[in-house]
Amino acid sequence: MIFLVSIKNITSKQKNVLACPNGGVVFNIPQNTSVLTWYPYNFTNVVPLFPLNYECEYKINVPSGWYAQITLNVLNQDNTSSVVQVIDQLQRVEKVWTANYEYFFFIASGGTIKLSTEASRVQFGFYVTWKQYSVRTQQAFNISKFSYNPLVFKGNGVYPSIMKADTKVSVTMMSPVHYLTEYLRGIIFFDGPNWNGTSIGTGLQLLNSKTQYVSSGQYMTILFLGYYSWYDYVRMLIQDYEHTKGIVQFQGMSCQYDWECPSIVLDASTGPSVLQSYTDYSSAYDEIMSLEGTGTLEVYLGSVTENKTNMVASYKAQNNNVMRFPQEVLGKVKTYVLTEGNATIKILPSRYNFAETKEFGRKGFIVSPNYGLLSNMQSINGYIKSPNNSIANFRFYFVSANMDGGAQIKIIGRQQNKNVFTKLYNSSNPPILNLFDDFYGTDLNVQYDAGSEPTTGFYMQFEVERGSSFKSGVLAIVCSVLLFHLFK
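Each value, and the rule that gives it
Residues numbered from 1 in each chain as written. Predicted model: local features only at pLDDT ≥ 70, side-chain atom pairs only at ≥ 80, totals over all residues. Heavy atoms only, no water. Helix = DSSP H or I, 4+ residues; strand = E, 2+ residues; numbered from the N terminus. Buried < 20%, exposed > 50% of the residue type's maximum accessible area, 1.4 Å probe, protein only. Contact = heavy atoms within 4.5 Å. Areas by Shrake-Rupley, 256 points an atom, 1.4 Å probe, with all protein chains shown as cover. Salt bridge = Lys/Arg side-chain N within 4 Å of Asp/Glu carboxyl O. Pairing = 2+ DSSP bridges. Axes fitted to C-alpha atoms, helices over the stretch in contact; angles between N-to-C directions. Disulfide = S-S within 2.5 Å. Phe/Tyr/Trp six-rings, centres within 6.5 Å; stacked < 30°, edge-to-face > 60°. Lys NZ or Arg CZ within 6 Å of the ring centre and 35° of its normal. 1 Å grid on protein atoms, 1.4 Å probe; cavity = no way out; pocket = protein on both sides within 12 Å on 5 of 7 lines; lining within 4 Å. Points joined across faces, edges and corners; volume = space filled by probe spheres on them. Nonpolar A, V, L, I, M, F, W, Y, C, P; charged D, E, K, R; others polar. Domains from an automatic or database assignment.

The helix and strand tally for the protein chain stands at 3 helices and 34 strands. Buried positions account for 50% of the 488 residues belonging to the protein chain. The long-range share in the protein chain, meaning contacts at least 24 apart out of those at least 6 apart in sequence, stands at 78%. As displayed, the protein chain offers around 23,000 Å² of accessible surface, 52% of which is attributable to carbon and sulfur atoms.

Across residues other than glycine, the phi torsion is negative in most instances, and most of the peptide bonds are trans. The amide bond that connects Tyr39 to the next residue, Pro40, takes the cis arrangement and shows omega of -5°. By the element assignment, Pro40 lies in the loop between strand 2 (37-39) and strand 3 (49-50). Cis peptide bonds are those with omega within 30 degrees of zero, and the linkage from Ala108 to Ser109 qualifies with 10°. Along the polypeptide, Ser109 turns up in strand 7 (residues 98-116). Here Asn53, not a glycine, exhibits a phi torsion of approximately 55°, which is positive. Inspection of the secondary structure puts Asn53 in the loop between strand 3 and strand 4 (55-76). If you check the backbone angles, Gln416 has positive phi at about 55° while not being a glycine. Inspection of the secondary structure puts Gln416 in the loop between strand 30 (408-415) and strand 31 (418-425).

This next bit is on the environment of Leu18. Take Leu18: it is sitting in the loop between helix 1 (2-12) and strand 1 (24-27). Looking at Leu18, the relative accessible area reads 68%, which means it is exposed. On a C-alpha basis, the gap between Leu18 and Pro51 in space is 10.0 Å, while along the polypeptide they are 33 residues apart.

We now examine the pattern of salt bridges. The final tally for this structure, using the stated rule, is 10 salt bridges. With its nearest N and O atoms 3.6 Å apart, the salt bridge here joins Lys114 to Glu57. Here Lys114 is found in strand 7, whereas its partner Glu57 is found in strand 4, with 57 residues between them in sequence. Since its relative accessible area comes to 30%, Lys114 is described here as partly exposed. With a closest N to O distance of 3.8 Å, Asp286 and Lys334 form a salt bridge. With Asp286 in strand 21 (residues 285-293) and Lys334 in strand 25 (residues 333-338), this pair connects stretches of sequence that are 48 residues apart. Residue Asp286 is classed as buried on the basis of its relative accessible area of 0%. The network of salt bridges with shared partners includes Glu94, Glu102 and Arg185.

Overall, antiparallel pairing links the 4 strands, which are arranged 28-33-30-31 in an open sheet. Each edge of the open sheet is held by one strand with a lone partner, namely strand 28 (380-385) and strand 31. When strand polarity is set aside, the average angle formed by the axes of neighbouring strands in this sheet is 10°.

Evaluated as defined, the whole model comprises 1 disulfide. At a sulfur-sulfur separation of 1.9 Å, the disulfide partner of Cys20 is Cys56. Its S-S torsion of approximately 70° makes the covalent link between Cys20 and Cys56 right-handed. Of this pair, Cys20 sits in the loop between helix 1 and strand 1 while Cys56 sits in strand 4, and the two are 36 residues apart along the sequence. Here Cys20 matches Cys56 in class, with each residue buried.

Time to look at the packing of aromatic side chains. Under the defined criterion, the tally for this structure stands at 36 aromatic pairs. Grouped by ring-pair contacts, the aromatic residues Tyr67, Tyr103, Phe105, Tyr133, Phe141, Phe153, Tyr183, Trp195, Phe224, Trp230, Tyr231 and Tyr233 constitute a single cluster. A cation over an aromatic ring shows up here: Arg185 above the ring of Phe104, its NZ or CZ 3.8 Å from the ring centre. The ring of Phe436 is capped by Arg395, whose NZ or CZ atom sits 3.9 Å from the centre of that ring.

What follows is about the pairing of strand 11 (residues 161-165). Counting buried residues along strand 11, 4 of its 5 residues qualify, which places the element largely inside the surrounding structure. Judged from the 5 bridges that link them, strand 9 (residues 139-143) and strand 11 form a sheet pairing that is parallel. Counterpart to Gln139 in the pairing with strand 11 is Ser161. Sheet topology places strand 11 next to strand 16 (residues 219-224); 4 bridges connect them, and they run antiparallel.

All right, on to the pairing of strand 27 (residues 362-367) then. If a strand is regular, its side chains alternate between the two faces of the sheet. Of all 6 residues that make up strand 27, 5 are buried, and the element is covered over most of its length. Of the pairings in the sheet, the one linking strand 27 to strand 34 (residues 458-466) comprises 6 bridges and is antiparallel in character. Directly across from Phe365, in strand 34, lies its bridge partner Gln461.

Moving on: the environment of Ser452. Position of Ser452 among the secondary structure elements: in the loop between strand 33 (443-449) and strand 34. Residues Ser452 and Asn376, spaced 76 residues apart in sequence, show a C-alpha to C-alpha distance of 7.5 Å.

It is the rolling of a water-molecule-sized probe over the atoms that shows where space remains empty. Estimates place the volume of the largest pocket at around 410 Å³. If you go around the largest pocket, you meet 19 residues; those closest to its centre are Glu242, His243, Val304, Thr305 and Glu306. Taken together, the residues that form the lining of the largest pocket break down as 7 nonpolar, 6 polar and 6 charged. Structurally, the lining of the largest pocket is a two-domain feature, drawing no fewer than three residues from each of domain 2 (139-245) and domain 3 (249-353).

As a further point, take the sheet that holds strand 32 (residues 437-441). Reading across the sheet, the 4 strands line up as 27-34-29-32 and stay open at both edges, with antiparallel pairing between neighbours. Sheet topology places strand 27 and strand 32 at the edges, where each strand pairs with a single neighbour. Strand-to-strand twist across the sheet, computed as the mean angle between neighbouring axes with direction ignored, equals 25°. Sheet topology places strand 29 (residues 392-401) next to strand 34; 9 bridges connect them, and they run antiparallel. Paired with Arg395 across the bridge in strand 34 is Glu463.

So this is what it looks like as structure tokens:
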């Protein structure tokens, strides 16, 4: 009864919808572009209800140098299928189930909206405005193939932007929060140094395709349609194609501001599959919580590199990795590459879990945020606890440690809040690489202070093995006896 009454109220408040003339309606740019073009009429109060089995195509023409912004409303009261298709100038189709004053964009030569109500009760309507491309000064960015760090790019005040790479430009899209997705339709990529080049597609198409856009030459132009502050919250990664060639699938994850980040499935059955993770700050962390499936996962700080200089970990997904997680990874951009197989990875945007050790036998690493790259942002402070605050044997060794420019490493071992182990390293007393050191205690604190000059960072592996206060005490007694007889 309520449903029938609501339909009756909607019907009583709206005009009759005209039949579709000859299968379609054509919209051309009006002389006065400041006036909205409505279809089927101005429905500022109630979105029009269309008859059953109604079909029509709406062709919206766009001249060169202009774009059409369509604000679309679709409500399928039966919600059984997509009743609307939006087709752009590249003949790419987006199916629409529902839209509440949602933005769509057409560039030259235009696009088409198809409506087919079938046996559904559909409310449908839109209005169009035509606007010229921004004449604001273009911004230029150089993308070096020698850089390990992708350019993290956003709306940048919605200026048109030109990217120039050493070889070719590669761009991939980070997943935004859901309410920003519609704005990705307004990000247009062109092959070449201006918008007169061939359109490659939109930001939303790039995101949904799980791939990359690659320029045919050195240049790519990015255009932002409309002046929306939301563009400042959209992220894309731009780098030289040398770092991305051969990769089949890309997925992006923006975990800043504690946004919820679901488990990601990487399918490398036809070639390498990549998860790119981005946070706004170098001091921000990913926590790898789990990895299940098959294949090898490589973890890079920044871009994928052929010489693997900035690779910090490699995992076999089919192995039991419980003892290796959680593992924190520091830095703005992290790239997770599954080289073969199919695996699911779970990552959290925090460092709340890393300190906790659930079981003896744990292995992990502590690494600088820009490891492998000469940078002033390399300092790090790592903290590891034993299971249930019990006595553990903490074992560690240094894989790499750049001690230039006054850099220092401080290792502190504690037992029930009492220092039982301290080591200090600097340029005069550098650590010996790949040589285990250890102590018995309840927690390990590692500090790397990069000093005043850029360094390539610090990398340390650690293990948490079962220990006992008895072993620790015996070791101390043996050492005391040996020293006594040595200097007797």
